[in-house]
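Okay, here's what each chain looks like letter by letter:
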Amino acid sequence: MNTARRKVFIKTYGCQMNVYDSARMADVLAREGYEPVEGPDGADLIVLNTCNIREKAAEKVYSEVGRIRHLKEAARREGRRVEIAVAGCVAQAEGEEIIRRAPAVDVVVGPQSYHRLGETLARARQGGAAVETEFDETKFERLPAPPKSAAPSAFLTVQEGCDKFCTFCVVPYTRGGEFSRPAAKIVAEAKRLLSSGVREIMLLGQNVNAYHGKGPDGRDWSLARLILELAELPELARIRYTTSHPRDMSDDLIAAHGACEKLMPYLHLPVQSGSDRILAAMNRRHGREAYFSIIDRLRQARPDLALSGDFIVGFPGEEEEDFAATLDLVERVGYASAYSFKYSPRPGTPAASREQVAESVKAERLARLQALIGEQQKRFNAATVGLTMDVLLERPGRRAGQLVGRSPFLQAVNVDAPGRQIGEIVPVVVEGLGSNSLFARLAGAAGERLTA
Ligand code: 5AD
Ligand code: SF4
């Protein structure tokens, strides 16, 4: 019998939830005797963990399957079998259709069913059903415990799904309704991460601040309550969370930004548009003034809070004056970074069947918005030059003798430091700007301190 471990290559698209899910799929497959490899060549199983948020993201899957089909055929000629699995949100949205359109695909598993990936593969080999897209809230209970991780910053999914039904978004359909994991399970997973040297945890959820998991006291805990509990763990130095909805930015969470030093001064709080008319058409359930008021209260609690957001341009019905309101909102808030996208009609969502804005208009608005956001990001980064701040050193940099870490504001920082310092939080003096990162040196005794 061949006892060599089979090799799996997992390619991840899209958001941080998918990054977390890919790691957990690797745990599931380790149980089945697979070891992860860094590329498709030589892999026995190739998993594409897909994203369906915009059309371009979804189409990438089919072009990638087209490419790896050749690997599969070449392997077959050598008498070796290569299997292809499509996981993630495209799997959930398209199910069977994927195998019809791309017969090289062996199995399809949705984001709620990947704990059954091993069984699904085995069933498909016997000629059985190869598509698994059931919603199963017991997924987390059925996943194997993750192996010890060497990376000092880790993701931890606390909440999945969404009940908001923004009219542009597929998430409520692909990830299902809102579900929060019990607090004790999250604390146990955090402790496990910390025991392997993790210093920073990013709490993840599609709508993470809607978190309302059962606490050990039998009551529903809010995200703020959970954060304060995690902050009690001595080895945990930094806490972050993403992605949030303005409607769920509750008073206790805003207060936590002032009260909890371990909660990093960076918040991704998407608003999507600055126009009340468009916010209503998007079913965002709040207006621009409500967003400004949340930002004001957050900044009162934590004056150095850096903000990030998401914006959609060219949503159906968006006129020039609506777009001007978005630019005005961006000017007023002042972002440290932000993501912006052209509206992409997603099948089955309400806005997809409305009258669409012309592609050229979308492209032109996106360019204007991105120029403004780019300027703000540059200004934010430039303001940190000369300051001393703490950086969690995470991994080797591009140059020998250089490490890359993150500032409290989630800026990537290149620091000349020896590899043994990975995992340490060190004060650095920011000396210069790269295109998407900062350059810094380890601080001596002197230096102006920005954060504790
Ligand atoms: N078109 C364009 N952007 C979208 N997003 C979500 N759905 C769409 C869509 N149909 C963006 C939103 C969201 C981010 C993750 O992706 O800005 O916050
Ligand atoms: Fe999608 Fe976020 Fe709206 Fe939920 S709140 S529907 S995940 S954009």
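Residues numbered from 1 in each chain as written. Chains lettered and ligands numbered in written order. Predicted model: local features only at pLDDT ≥ 70, side-chain atom pairs only at ≥ 80, totals over all residues. Heavy atoms only, no water.

Visitor: I'm lost on the site of ligand 1 in this one. Help?
Guide: Around ligand 1, a shell composed of Ile53, Arg54, Phe168, Gln272, Asp310, Ile312, Phe341, Lys342, Tyr343, Ser344 and Arg346 is seen. At 2.6 Å, a side-chain N or O of Gln272 approaches an oxygen atom of ligand 1. Contacts to ligand 1 include Asp310, whose side-chain N or O atom sits 2.6 Å from an oxygen atom. The fraction of the free accessible surface of ligand 1 (400 Å²) that becomes covered by protein chains is 87%. Among the secondary structure elements, those contributing two or more residues to the shell around ligand 1 are β13 (306-313) and β14 (337-342). Tallied by class, residues from the shell around ligand 1 come to five nonpolar, two polar and four charged. (Near = heavy atom within 4 Å. Polar contact = N/O pair within 3.5 Å; in protein donor to acceptor, adjacent residues only side chain to side chain. Areas by Shrake-Rupley, 256 points an atom, 1.4 Å probe, with all protein chains shown as cover. Helix = DSSP H or I, 4+ residues; strand = E, 2+ residues; numbered from the N terminus. Nonpolar A, V, L, I, M, F, W, Y, C, P; charged D, E, K, R; others polar.)

Visitor: I keep staring at the sheet that holds strand β3 (residues 45-50) and nothing clicks. Help me out?
Guide: Sheet strands pair via backbone hydrogen bonds, and the direction of the pair is either parallel or antiparallel. Strand order in the open sheet made by the six strands is β2-β1-β3-β4-β5-β6, with parallel pairing throughout. Pairing within the sheet leaves two strands with one partner each, and these edge strands are β2 (34-36) and β6 (131-132). Note: β3 against strand β4 (residues 83-87), five bridges, orientation parallel. Its bridge partner being in β4, Ile46 is matched across the sheet by Ile84. Taken strand by strand, helix α5 (residues 117-125) contacts β1 (6-12), β2, β3, β4, β5 (107-109) and β6, and its axis lies near 155° from that of β5. (Pairing = 2+ DSSP bridges. Contact = heavy atoms within 4.5 Å. Axes fitted to C-alpha atoms, helices over the stretch in contact; angles between N-to-C directions.)

Visitor: Explain the pattern of salt bridges here, please?
Guide: Pairing is possible between side chains of opposite charge, provided their charged atoms come close. Scanning the model with the defined rule gives 37 salt bridges in all. Residue Glu359 is joined to Lys342 by a salt bridge in which the shortest nitrogen-to-oxygen separation is 2.8 Å. Of this pair, Glu359 sits in helix α14 (residues 359-382) while Lys342 sits in strand β14, and the two are 17 residues apart along the sequence. Since its relative accessible area comes to 27%, Lys342 is described here as partly exposed. Close ionic contact of Glu375 with Arg379 constitutes a salt bridge, the shortest N to O distance being 3.7 Å. Of the two residues, Glu375 and Arg379 are both situated in helix α14; the distance of four residues between them amounts to about one turn of the helix. (Salt bridge = Lys/Arg side-chain N within 4 Å of Asp/Glu carboxyl O. Buried < 20%, exposed > 50% of the residue type's maximum accessible area, 1.4 Å probe, protein only.)

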